[in-house]
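Chain residues, written in single-letter form:
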Amino acid sequence: MTSLLAPDSPVDNPSAPGRRTAPAAVERFRPQARRRLARADVLAFVGWLSPVAAVTLWLADGGASGFSSFAATMTSLGIVAGLIGMDLVLLMLLLAARIPFVDNTIGHDRALEVHKKLGKPALYLLLAHGLLLAIGYGAAEGLDPVSESVSLWVNVPDMWLAFVSMALFVAVVVTSLVAVRRKFPYEFWYAIHLLTYVAVGTAIPHQFSVGGLFAEGTWQRWYWLAICIATGAALLLYRVYLPLAATFRHQLTVSRVVRVAPDVFSIEMTGLQLERLAGAGGRFFFWRFLAPGHWWQPHPFSLSAEPVSGVGSKPGSLRITVRNLGEGSARLARIKPGTKVALEGPYGMFSTAARTRNNVVMIGAGIGITPLRSLLESTPFEPGQATVLLRGHDESELFLGKEIMALCQARGATLFHLTGPRSAGVRSWLPESATTAGFTIASYAPGIADADVYVCGPTPWAASVIREVRAAGVPDEQVHYERFDW
């Protein structure tokens, strides 16, 4: 069934005339969008420039003279491969460091997507680095590549660490493949992935011993020192210090766990200075519940309501809403009141920071409805400028639906409940009743091409929504979707 639930709605037909529309107004978010796109261009430029700079500095410091013979050419190509490969590894670490400039420009999920895409090229370049050096050094000494590799291991100080580093990089990339990840629990993959830091650490000592990247009196020495120190500092600051500072500052404690629907529950917490988290509606945090069996596992969940500030000595409160989608989330339903909570975030671009237009359309399904609830509460719009579409098999799957209806009535947003099964064999995100009637996304939001569209829900369903949204003329920069299943 498709129903229209909105204050003062004239009809139940979503395509009928008479629906309220917002008056023309100056687009307040376009300057923000232009600045964000400019920052994205800067990030892309720096990303492409960094390996070019590494090779250019090597060439300027005498590397250009290293192509005089076959052995020297192989050695030089090996050095170039290693320079670019190591540069890509450091870029990967920076993309995963949760740096606010990156996160607020392209979003956490896109940063991790680029991070993953760089993994294979970085590994191939590092493997080529080792193979080409073995060929080049071996040709100069009259040895085959295998014998030369053994000689390097035995005779060159710290070279055995380089071999260990290579093995670690291989392990990280292989375990990152989708087919492999599905065979192991997340915790196993996460522990292996942490070896990236060990791999980088073990790759650096032989550079001092061999005298490549950190050769005395070269510009590239200062380049690599700067980029390595900056990467390490970013990781320590944004992955360690700031999360610890936020945890101690907010002093979060579980106050109660409330059942919302079958397999869906809200975890309510109290804490200090929660007003500093206000306006994060739609963005997500990593939560660690400091109880036996839970403390080591981070959970990426969005707030399902804006934080409530405390009054006087009374602490404030906040809430996340969780669906039982696996063993980890199921165990959270048994978290006891009084459990302390560690906090990291907020992260992502599923927020007002992504806005480009005054009008906004929010489309959610399943547990993806809950971030929309907090976004609806916090993002600015005038009455008539927002449309909310909630999709579920029936009303019981429209989680927090009553709260969302109350917010829509209070703020003047139009709300649709889209319930019912999908048509068999039809690739549509809409219920059968809507597709049979010929409704599309434009039937519910006629001005969608001039609106920001936020989509949150299961990945295949969201992909179907996004296809139709783009077909309705919505540019990519106005479509906001963030994955939480990395």
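Residues numbered from 1 in each chain as written. Predicted model: local features only at pLDDT ≥ 70, side-chain atom pairs only at ≥ 80, totals over all residues. Heavy atoms only, no water.

Examining the nonpolar core
Residues Leu90, Phe169, Val200 and Trp224 are the most contacted members of the largest nonpolar core, which totals 35 residues. Of all the secondary-structure elements, those providing two or more residues to this core are α1 (30–60), α2 (70–95), α3 (100–106), α4 (108–141), α6 (159–176), α9 (195–203) and α11 (219–250). The element that contributes the greatest number of residues to this core is α2, accounting for 10 residues. Those residues in contact with phenylalanine 169, other than ones at most four positions away along the chain, are Val89, Leu123, Leu126, Ala199 and Val200. Counting residues in each nonpolar core, the second largest holds 24 residues, with Val361, Phe439, Trp461 and Val465 among its members. (Core = buried A, V, L, I, M, F, W, Y, C linked by side-chain atoms within 4.5 Å. Buried < 20%, exposed > 50% of the residue type's maximum accessible area, 1.4 Å probe, protein only. Helix = DSSP H or I, 4+ residues; strand = E, 2+ residues; numbered from the N terminus. Contact = heavy atoms within 4.5 Å.)

Remarks on the confidence of the model for the protein
Low-confidence regions, as indicated by low pLDDT, have predicted coordinates that should not be scrutinised in detail. Scored by pLDDT, the protein comes out at a mean of 84, with 88% of its residues at no less than 70. Under a pLDDT of 50 for its full length, residues 5–24 has, in the predicted model, 38 contacts with residues more than four places off or in other chains. (pLDDT = per-residue confidence, 0-100.)

Quick look at the packing of α2 against α11
At their nearest, the axes of α2 and α11 sit 9 Å apart, and the two run at 25° to each other. Regarding the angle of α2 to α11, the classification is roughly parallel. Two packed elements cross with a definite hand, and for α2 against α11 that hand is left-handed. In this structure, α2 contributes Leu83, Met86, Asp87, Leu90, Leu93 and Leu94 to the contact, and α11 contributes Gln220, Tyr223, Trp224, Ile227, Cys228, Thr231, Ala234 and Leu235. Residue classes in the contact of α2 with α11 are distributed as 11 nonpolar, 2 polar and 1 charged. (Axes fitted to C-alpha atoms, helices over the stretch in contact; angles between N-to-C directions. Parallel < 35°, antiparallel > 145°, perpendicular 65-115°, else oblique. Left-handed = near helix turned anticlockwise from the far one by under 90°. Nonpolar A, V, L, I, M, F, W, Y, C, P; charged D, E, K, R; others polar.)

What about the side chain of aspartate 103?
Counting through the fold element by element, aspartate 103 comes out in helix α3. Here aspartate 103 falls in the buried class, since its relative accessible area comes to 4%. Polar contacts involving the side chain of aspartate 103 include one to the main-chain amide nitrogen of glycine 348, which spans 2.8 Å. In contact with aspartate 103, other than residues within four places in its own chain, are His108, Arg283, Pro346, Tyr347, Gly348 and Met349. (Polar contact = N/O pair within 3.5 Å; in protein donor to acceptor, adjacent residues only side chain to side chain.)

Concerning the environment of proline 380
By secondary structure assignment, the location of proline 380 is in the loop between α13 (369–378) and β9 (386–392). Ignoring sequence-local partners within four residues, the contact set of proline 380 consists of Arg28, Phe29, Thr352, Arg355 and Arg411.

A look at the sheet that holds strand β2 (residues 252–261)
Reading around the barrel, the 6 strands line up as β2-β3-β6-β5-β4-β7 and close back on themselves, with antiparallel pairing between neighbours. Ignoring strand direction, the axes of neighbouring strands in this sheet form an average angle of 40°. One ladder, built from 2 bridges, connects β2 with strand β7 (residues 340–347); its direction is antiparallel. Residue threonine 253 lies in a different strand from β7, and its bridge partner there is lysine 340. (Pairing = 2+ DSSP bridges.)

Looking at unusual backbone geometry
Each neighbour pair has its own omega, and for glycine 345 with proline 346 the value is 10°, a cis peptide bond. With respect to the helices and strands, proline 346 occurs in strand β7. Of note in this structure, glutamine 251 is not a glycine but carries a positive phi near 50°. Along the chain, glutamine 251 falls in the loop between α11 and β2. Looking at glutamine 251, the relative accessible area reads 36%, which means it is partly exposed. Notably, leucine 400 is not glycine yet its phi reads approximately 60°, a positive angle. Tracing the chain through its elements places leucine 400 in the loop between β9 and α14 (401–411). Residue classification places leucine 400 among the buried positions, given a relative accessible area of 10%.

Thoughts on the pattern of salt bridges
Across all of its chains, the model carries 12 salt bridges by this definition. For the salt bridge of arginine 355 with aspartate 452, the shortest nitrogen-to-oxygen distance reads 3.5 Å. Of this pair, arginine 355 sits in the loop between β7 and β8 (359–365) while aspartate 452 sits in strand β11 (residues 451–456), placing them 97 residues apart in sequence. For arginine 355, a relative accessible area of 0% gives the class buried. Aspartate 450 serves as the salt-bridge partner of arginine 357, at 3.1 Å between the closest nitrogen and oxygen. In this pair, arginine 357 is assigned in the loop between β7 and β8 and aspartate 450 in the loop between α16 (441–444) and β11, connecting sequence segments 93 residues apart. (Salt bridge = Lys/Arg side-chain N within 4 Å of Asp/Glu carboxyl O.)

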